[in-house]
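Residues per chain, in single letters:
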Amino acid sequence: MNLSLPPRIPLARLPTPLQPLDRITEKYSTPHGGPRLWVKRDDLTETAMSGNKLRKLEFVAGAARAQGCDTLITCGGIQSNHCRTTALVGARLGMRVQLILRGEEKGIPDGNLLVDRLAGASTAFYPARQYFETLPELFAHWCDFYAGRGHKAFCIPTGASDGWGIWGYIAAAEELLADCRAQGFEPEHIICATGSGGTQAGLTLGCHLLGANARVTGYAVCDSADYFQHKVLEDIRHWETLNSQSVDETSLDVRVNADYIGPGYAEAEEPVYRAIAEAASLEGLLLDPVYTGKAFYGLLQELRKGSYRDCENLVFVHTGGQFGLFPHREMFPFLL
Ligand SMILES: *Cc1c(COP(=O)(O)O)cnc(C)c1O
């Protein structure tokens, strides 16, 4: 299938590398064997703009520019990788950025929030309850605020997960499958952390449109399996509407593993932090506690249980998040 892509502003350094994780593969293979693990390095899409959101924002910014917008408005937690990437993309493209942030501003800005500030984004902070209960009104408020000053704003939903953003991971699915083919295999499984569903939606739809057999599983870092089943389909339906396409939903295999969420979004227990240390010390791979570390920890548990024993090659998509590691520095007492 030949995908005709909509307007896209090239910002990411693509293709990102695909690398084997042979020391971890060896450590986690069971007596029944197990897959060879690979990592798709989407933490290397760029340096400051690193991670999965950049692939989505190439298309989102393309749509914003096509609509004549000069301002981007988006939302997320204080340590949102998506907000940080949007702040930098705006700076790069000469667009204003307004961030609607969940939580309280306290102390000296760290991690992603520090980068938001460096990039010159405007920030507004809301308590979690107000944020969740009135997010559409907050977007409307900021949209009116900029309109009143003669600007045209483009509103980007949480994680840029919508019909524009998922193009980034439809295109990434094509890239990843080509990487695998160049290494001489077809992956049976593709694993990613899932937080707002768009990465999973794009990979799932991309594999479907390309006729690949790879099964895509999102390892949830918040919410529930049911939530992501619906969210992934919602993003795909939005994509269908925007592109006048129709996809047979019954043939889409939306797989969610919600067994490793732990205490909640951005909260993890010690085994997750230990898995982060293990990936760093065995492979030189830096994971984050909110998304990739949690999903990778879940994957390692499933490998131990033999869930993937009939698989030969499994690709973990490293979606980025490094800046979110440092605000969790106190969670590594076992390293001392
Ligand atoms: C946002 C994010 C994810 C989740 O991607 P979604 O498309 O929102 O599900 C995974 N990893 C990192 C590092 C992220 O920032």
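Residues numbered from 1 in each chain as written. Predicted model: local features only at pLDDT ≥ 70, side-chain atom pairs only at ≥ 80, totals over all residues. Heavy atoms only, no water.

## Structural notes on the overall build of the chain
Right, so step 1: The helix and strand inventory of the chain stands at ten helices and ten strands.
Right, so step 2: Over its C-alpha atoms the chain spans a radius of gyration of 19 Å, differing by no more than 12% from the 20 Å that the globule rule assigns to 336 residues.
Right, so step 3: The principal-axis extents of the C-alpha atoms in the chain amount to approximately 65 × 50 × 35 Å.
Right, so step 4: When each of the 336 residues of the chain is scored for burial, the buried share is 56%.
Right, so step 5: Considering only residue pairs separated by 6 or more positions, the chain has 80% of its internal contacts joining residues 24 or more positions apart.
Right, so step 6: On the chain, roughly 14400 Å² of surface is accessible, and the fraction owed to carbon and sulfur atoms is 50%.
Right, so step 7: Mean positive and mean negative side-chain charge positions of the chain (31 and 39 charges, respectively) differ by 4 Å. (Helix = DSSP H or I, 4+ residues; strand = E, 2+ residues; numbered from the N terminus. Rg over C-alpha atoms; globule rule 2.2 N^0.38 Å. Buried < 20%, exposed > 50% of the residue type's maximum accessible area, 1.4 Å probe, protein only. Contact = heavy atoms within 4.5 Å. Areas by Shrake-Rupley, 256 points an atom, 1.4 Å probe, with all protein chains shown as cover. Lys, Arg positive; Asp, Glu negative; His and termini not counted. Charge placed at Lys NZ, Arg CZ, Asp CG, Glu CD.)

## Quick notes on the site of the ligand
Right, so step 1: Lys53, Lys56, Ser196, Thr199 and Thr319 are the nearest of the 16 residues found near the ligand.
Right, so step 2: Within the side chain of Asn81, one N or O atom sits 2.9 Å away from an oxygen atom of the ligand.
Right, so step 3: A distance of 2.7 Å separates an oxygen atom of the ligand from a polar side-chain atom of Thr199.
Right, so step 4: A total of 380 Å² of accessible area belongs to the ligand in isolation, and the protein chains cover 98% of it.
Right, so step 5: Of the residues forming the shell around the ligand, the biggest block, three residues, is contributed by helix α2 (residues 52-66).
Right, so step 6: Here the residues of the shell around the ligand sort into two nonpolar, twelve polar and two charged.
Right, so step 7: Each of domain 1 (18-50 + 162-335) and domain 2 (53-160) accounts for three or more of the residues forming the shell around the ligand. (Near = heavy atom within 4 Å. Polar contact = N/O pair within 3.5 Å; in protein donor to acceptor, adjacent residues only side chain to side chain. Nonpolar A, V, L, I, M, F, W, Y, C, P; charged D, E, K, R; others polar. Domains from an automatic or database assignment.)

## A closer look at the UniProt feature "active site" (unreviewed entry) in the chain
Right, so step 1: Summarizing the sequence annotation, UniProt attributes the feature "active site" (unreviewed entry) to Ser80 in the numbering used throughout.
Right, so step 2: Along the chain, the position of Ser80 falls in the loop between β3 (71-77) and α3 (81-93).
Right, so step 3: Look at Ser80 and you get buried, because its relative accessible area is 7%. (UniProt positions renumbered as here; feature names shortened; annotations may be inferred.)

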